[in-house]
Amino acid sequence: MARDAFPLCFIAFLVIIGIFVAIASISSAVNKGVLEQVAKRWKGYVELGGFFGYDGLVMQIGDAYARLSYSKRGKNSRNTHLSVHFPDKQLRLELYVQDVIQQLKKLLGMYDLEIGAREFDDAFIINGNQPERIIEYLNPQSQVAILKLARFSTLVSNDLHLTISGGVLRVTKHRGFQSVGELNEFITLFSEVFEALAYSRNTGIEFVSSSPLPRVQETECQVCGHPLEGKIVFCLSCKTPHHLDCWNYFESCAVYGCGQHRYTEARRA
């Protein structure tokens, strides 16, 4: 009797695994179909994420190429990211939603750049390397576009994390947009933010991006702010590069809202 029970348990285990794989395959196929529809509108293509990753998009926004990707958030949720080449490679800017915890940190001395627009200053924490230039970038048109994106797909509070570093503009929404309507709206609002920021200063800088975003960005470490040289590792979730020593010092991804504690030495294709 015991001898017969082992094969039956093993077969049942294989059946359960097969069901999970089938469900995952169906979900992946559905998501890929949605991404293909969105790709047609934005003159792009689907970027396959592999068995353990999420499929994404490479698309054209104006004269630049942008990449849409997902990262895991919690057990059953996702973050949605959009990144695009930005003409000012010297600028470092981080902007994220101001909540009760951030307000307490401000009272304890955390730096927060205020640009002189009350609604915007009350909504976000702003950090960066060139305050006067950042204020020029965050003009009224940029503020309106950023607030619209922060309020998109939220019921109560704003939701947005925006960074500019090493010539790349990246935004994160802590929502896993997976419908054609949501994705198109998200990309549209992102393009408005991109155009408002990119053309807000009369810098004379031209867009030179004629090819999709490369897998490895020539940029600065998110921890120390120095150029990415030597031993580099990538966050397993959002693929942001870090110096290995800086990762070990910080003990996790330095991107706000990511929180991944594992890294890889090479990006997945």
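Residues numbered from 1 in each chain as written. Predicted model: local features only at pLDDT ≥ 70, side-chain atom pairs only at ≥ 80, totals over all residues. Heavy atoms only, no water.

**Considerations on the packing of aromatic side chains**
And step 1. A complete count under the given rule lists 6 aromatic pairs for this structure.
And step 2. An angle of 70° between the planes, with centres 6.2 Å apart, marks the rings of Tyr54 and Tyr70 as edge-to-face. Residue Tyr54 is found in the loop between strand E1 (45–47) and strand E2 (56–61), and its partner Tyr70 is found in strand E3 (residues 64–73); the two are separated by 16 residues along the sequence.
And step 3. Residue Tyr54 is classed as partly exposed on the basis of its relative accessible area, which comes to 32%.
And step 4. Both rings, one in Phe152 and one in Phe177, keep their centres 5.2 Å apart while their planes meet at 45°; by these two values the pair is tilted. One end of the pair, Phe152, is in the loop between helix H5 (140–151) and strand E7 (161–165); the other, Phe177, is in the loop between strand E8 (168–173) and helix H6 (180–198), and 25 residues separate them in sequence.
And step 5. In this structure an aromatic cluster arises from ring pairing among Phe152, Phe177 and Phe186. (Phe/Tyr/Trp six-rings, centres within 6.5 Å; stacked < 30°, edge-to-face > 60°. Helix = DSSP H or I, 4+ residues; strand = E, 2+ residues; numbered from the N terminus. Buried < 20%, exposed > 50% of the residue type's maximum accessible area, 1.4 Å probe, protein only.)

**Some points on the sheet that holds E3**
And step 1. Strand order in the open sheet made by the 8 strands is E1-E2-E3-E4-E8-E7-E5-E6, with antiparallel pairing throughout. Edge strands, defined here as strands with exactly one partner in the open sheet, are E1 and strand E6 (124–128). Within the sheet, the average angular offset between the axes of one strand and its neighbour, ignoring direction, is 20°.
And step 2. Pairing between E7 and E8: 5 bridges, direction antiparallel. Within E8, the residue paired with His161 across the bridge is Thr172.
And step 3. Here H5 sits on the sheet and contacts strand E5 (93–97), E6, E7 and E8; the angle it forms with E8, its principal contact strand, is near 35°.
And step 4. Along the sheet, H6 contacts E2, E3, strand E4 (77–85), E7 and E8; its crossing angle with E4, the most-contacted strand, is approximately 35°. (Pairing = 2+ DSSP bridges. Axes fitted to C-alpha atoms, helices over the stretch in contact; angles between N-to-C directions. Contact = heavy atoms within 4.5 Å.)

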